[in-house]
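Structural characterization, general
As a plain string of letters, each chain reads:
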Amino acid sequence: MKIAVKASVVLVVLLAPLTAGAAGADGGDHRQRQRCPQAGAFEGAERPARLRTLQRRFDYCVRLNEVQVLASHNSYHTQARPELFAAIAAFDPGLASTLEYDHAPLAVELGDYGVRQVELDVFADPEGGLYGNRAGLRVIGQDPIGPPALFEPGFKVLHVQDIDFESTCLSLVACLETIDAWSRSHPGHLPITVQIEPKDDVLPDLGLGFVTPIPIRGAELDALDAEIRSVFDEDRFLSPAAVRGGRSSL
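So, here is what we can say about the structure in this document. (Residues numbered from 1 in each chain as written. Predicted model: local features only at pLDDT ≥ 70, side-chain atom pairs only at ≥ 80, totals over all residues. Heavy atoms only, no water.)

1. Section: the nonpolar core
- Counting 27 residues, the largest nonpolar core has Leu120, Leu172, Leu176, Ile179, Val194 and Phe232 as the members making the most contacts within it.
- Among the secondary structure elements, those contributing two or more residues to this core are β1 (10–14), α5 (106–112), β3 (115–123), α7 (172–185), β5 (192–198) and α8 (218–231).
- No other element matches the 5 residues that α7 contributes to this core.
- Contact partners of Leu172, with chain neighbours within four places excluded, come to Leu120, Val122, Phe155, Val157, Ile196, Leu224 and Glu227.
- Phe123, Leu158, Ile163 and Val211 belong to the second largest nonpolar core, which has 18 residues in total. (Core = buried A, V, L, I, M, F, W, Y, C linked by side-chain atoms within 4.5 Å. Buried < 20%, exposed > 50% of the residue type's maximum accessible area, 1.4 Å probe, protein only. Helix = DSSP H or I, 4+ residues; strand = E, 2+ residues; numbered from the N terminus. Contact = heavy atoms within 4.5 Å.)

Shown next as structure tokens:
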């Protein structure tokens, strides 16, 4: 079974509440950058007031693209239940080997592991319920009907429909609300990048009744943007459009 991966992504940078000044889209305040502390500036800076002054100046010195952070791939993912995973492994051991991993819930990734970039795969589900009846579970004789959250309208967060669908947060809104809540309770953190991968790949027809995803087009991307904005206040996140400004492209 071949599973294609779409190249298009949406990047959202969640800004920390109550942070000091940040650089602008054109690289920031150059006067402030000229005042950046030099190497060794903290040496001998024993007084807390001195340290605070230097830290405020550093806030103007580091651009977003100069920061390296810890990131997780398919940050929502939990491994398929044992019976389903065994069926996948029997059918395609190579595929199973790529699905054999778990992630902690997003708040734990952010808090305990220091992750500052997460990735969420999303499938359009404007009416709700499209991914609520999982064919993989029917194959192994288990109840295929998912939890109520899968029957609510809105983008769903999962890896591969019908076969690799377990997630620590089933909807995009739920995932983003978790990230937003952690951010608000931890003011001053580094910006969190949320990489969103819209997916609409169709699985090969094996006669198992796999669901056909809704193609991601303009209307779906507009709906995706609306869901993001339903969670984050306008001054709390940085979108690709905000970075582009009046330019023709990123």
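2. Looking at the packing of α7 against α8
- At a closest axis distance of 9 Å, the pairing of α7 and α8 adopts a crossing angle of 35°. Crossing handedness for the pair α7 and α8: right-handed. Contacts from Leu172, Val173, Leu176, Glu177 and Asp180 of α7 reach α8 at Leu224, Glu227, Ile228, Ser230 and Val231.
- Among the residues forming the contact of α7 with α8, the class breakdown is 6 nonpolar, 1 polar and 3 charged. (Axes fitted to C-alpha atoms, helices over the stretch in contact; angles between N-to-C directions. Left-handed = near helix turned anticlockwise from the far one by under 90°. Nonpolar A, V, L, I, M, F, W, Y, C, P; charged D, E, K, R; others polar.)

3. Section: a nonpolar patch on the surface
- Together, Val62, Val67, Val69 and Leu190 make up a nonpolar patch on the protein surface, roughly 270 Å² of accessible area in all.
- By the element assignment, Val69 lies in the loop between α2 (48–58) and β2 (70–71). (Patch = residues over 30% accessible without salt bridge, like charges linked within 9 Å, V, L, I, M, F, W, Y side chains within 5 Å. Areas by Shrake-Rupley, 256 points an atom, 1.4 Å probe, with all protein chains shown as cover. Salt bridge = Lys/Arg side-chain N within 4 Å of Asp/Glu carboxyl O.)

Shape is all these values report; function is a separate question.
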